[in-house]
Amino acid sequence: MTESIATPELSAEQVSTITRQTNYGTWRFQKGWKPLTIVDAEGCWFTDGAGKRYFDLSSQLMCVNLGHKNPRVIESIAEQARELCYVTPGYATDARARLSSKLLEVLPAGLEKFFFTTSGTEANEAAFKIARMFTGKNKIISRYRSYHGSTAGSIAATGDPRRWAMEPAGKIPNVVFAPETNCYDCPIKHTYPTCNIACADYIEHMIRNESDVAAIIIEPVVGTNGVLVPPPEYLPRLREICDRHGVLMIADEVMAGWGRTGKWFSVDNWNVKPDILVTAKGITSAYVPLGLCATTGKIADFFEDHYFSHGHTYEAHPLTLGPAVATIEEMQRLKLVERAAELEPYVREKLLKLKDKHPSVGDVRGLGLFFAVEIVKNRKTKQLFNTMRDKVEGKPLVVDQIVGKMMAGGVAIQAWVSHFVIAPPLIVTKEELDLGIAALDEHLAIADALVE
Ligand SMILES: Cc1ncc(COP(=O)(O)O)c(C=O)c1O
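Rules used in this analysis
Residues numbered from 1 in each chain as written. Predicted model: local features only at pLDDT ≥ 70, side-chain atom pairs only at ≥ 80, totals over all residues. Heavy atoms only, no water. Near = heavy atom within 4 Å. Polar contact = N/O pair within 3.5 Å; in protein donor to acceptor, adjacent residues only side chain to side chain. Areas by Shrake-Rupley, 256 points an atom, 1.4 Å probe, with all protein chains shown as cover. Helix = DSSP H or I, 4+ residues; strand = E, 2+ residues; numbered from the N terminus. Nonpolar A, V, L, I, M, F, W, Y, C, P; charged D, E, K, R; others polar. Buried < 20%, exposed > 50% of the residue type's maximum accessible area, 1.4 Å probe, protein only. Core = buried A, V, L, I, M, F, W, Y, C linked by side-chain atoms within 4.5 Å. Contact = heavy atoms within 4.5 Å.

### Here we look at the site of the ligand
Working step 1: The local shell around the ligand consists of Ser119, Gly120, Thr121, Asn124, Tyr147, His148, Gly149, Glu219, Asp252, Val254, Met255 and Lys281.
Working step 2: The separation between a nitrogen atom of the ligand and a polar main-chain atom of Tyr147 is 3.3 Å.
Working step 3: With respect to the ligand, the side chain of Asp252 contributes an N or O atom lying 2.7 Å from a nitrogen atom.
Working step 4: Considered on its own, the ligand offers 390 Å² of accessible surface; in the complex 82% of this is hidden by protein.
Working step 5: Here the shell around the ligand gets 3 residues from one element, more than from any other, and that element is helix α5 (residues 120–135).
Working step 6: For the shell around the ligand, a count of residues per class yields 3 nonpolar, 6 polar and 3 charged.

### Side note on the environment of Lys350
Working step 1: Along the chain, Lys350 falls in helix α11 (residues 336–357).
Working step 2: A relative accessible area of 26% means that Lys350 is categorised as partly exposed.
Working step 3: It is 36 Å that separates the C-alpha atoms of Lys350 and Ile276, two residues lying 74 residues apart in sequence.

### Digging into the nonpolar core
Working step 1: Membership of the largest hydrophobic core comes to 65 residues, with the highest contact counts inside it found for Ile402, Phe420 and Ile422.
Working step 2: The greatest single-element share of this core, amounting to 7 residues, is contributed by α11.
Working step 3: Ignoring anything within four residues of it in the chain, the contact list for Ile422 reads Leu57, Val347, Leu351, Leu369, Phe370, Phe371, Val373, Ile413 and Leu440.
Working step 4: With 32 residues, the next largest nonpolar core counts Ala200, Cys242, Phe370 and Ala423 among its residues.

Structural data, given as structure tokens:
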């Protein structure tokens, strides 16, 4: 008989200290990292070790779409663990078949063959390899305002400064960057609609001049880099360009998928069908780590007699698949996609009021329950308070001061360089939205005082 050794209880302070001493804090200088110990979470709220509650205005990392502690999803994790924790991906499992059938119900039509991973970055790696094997071409076009993940392929395709530290050797070659679509601050200095979507046409120019282009990867609604919603013509135009040149369209829906924009997937806002759709986060509401790379039947057919040269030990891991079925069923039962669409005008109006009131607010944009509030030093010139370089050099950012104040007041919000991301769990109530937005309203005064 083995003797049981009681683990001594750790205080919240000890939990934080041990974590800080033994773990890396991601995307930051380690100096100054003092992780807050979180002990509980329910609905749109989480609780720290001192018992203080925080309203989760950004669904952690824009991923807990169902809210915390959904009982059905929790039960599905336990059920799956009791039934079957692991078998090699070469076998079929009940969870795998049930999730695949469920995905066929909610994904854009035509996406019918799946590769499951345990993260968004791995799902993008799979997409790049599949695109290259299928087309026999090499280059991937991505856009500057984008994040696609942290591993060698997806960081190479990441336009934002998280790529810089990996250059030139820590990333795959053959990724070229196009300008993003940003109608607030257009990188090629056009104005919608007289621009006639020049940013899409420029991508066609790139395809012609690069040759050897396998795929273009886009976040249909750009997430971390600013909740950039394209004008209505953009994605249909890009689809035509891809078709004309035999280039695959990869839609990265890791953040924008799963009801966030008021549709199951953000491409559904424009009825555009990608050749490959990549997702993660909301697929299980982040309760367990799952990513998905979904391809068309045409791509699938190719691999009937070509070697599918890809795989992971944890591909189609049963413990991640069962809870995804429960997540989708819960989203359907609670009508959360519809709910995100219904709440959109309410949030938009409230945020536009912030813009009227605060001289530091340069722009408010979004769809569904996915909005950005961008702050600027000067509304006319659109000059930002901080640069991307400030971010990677660990300089204090104005947005972080505001995040700190909001957190102290019990509202957690994500920010990136010069904007805040408003993306609460889709179960959020109007009263909770009022509370979260009121906190932003209160502390925007910090930025207002710095306006020139
Ligand atoms: C659009 C997008 N793609 C890919 C990723 C990477 O996903 P993961 O962090 O699960 O690897 C993220 C993560 O935030 C994302 O927002």
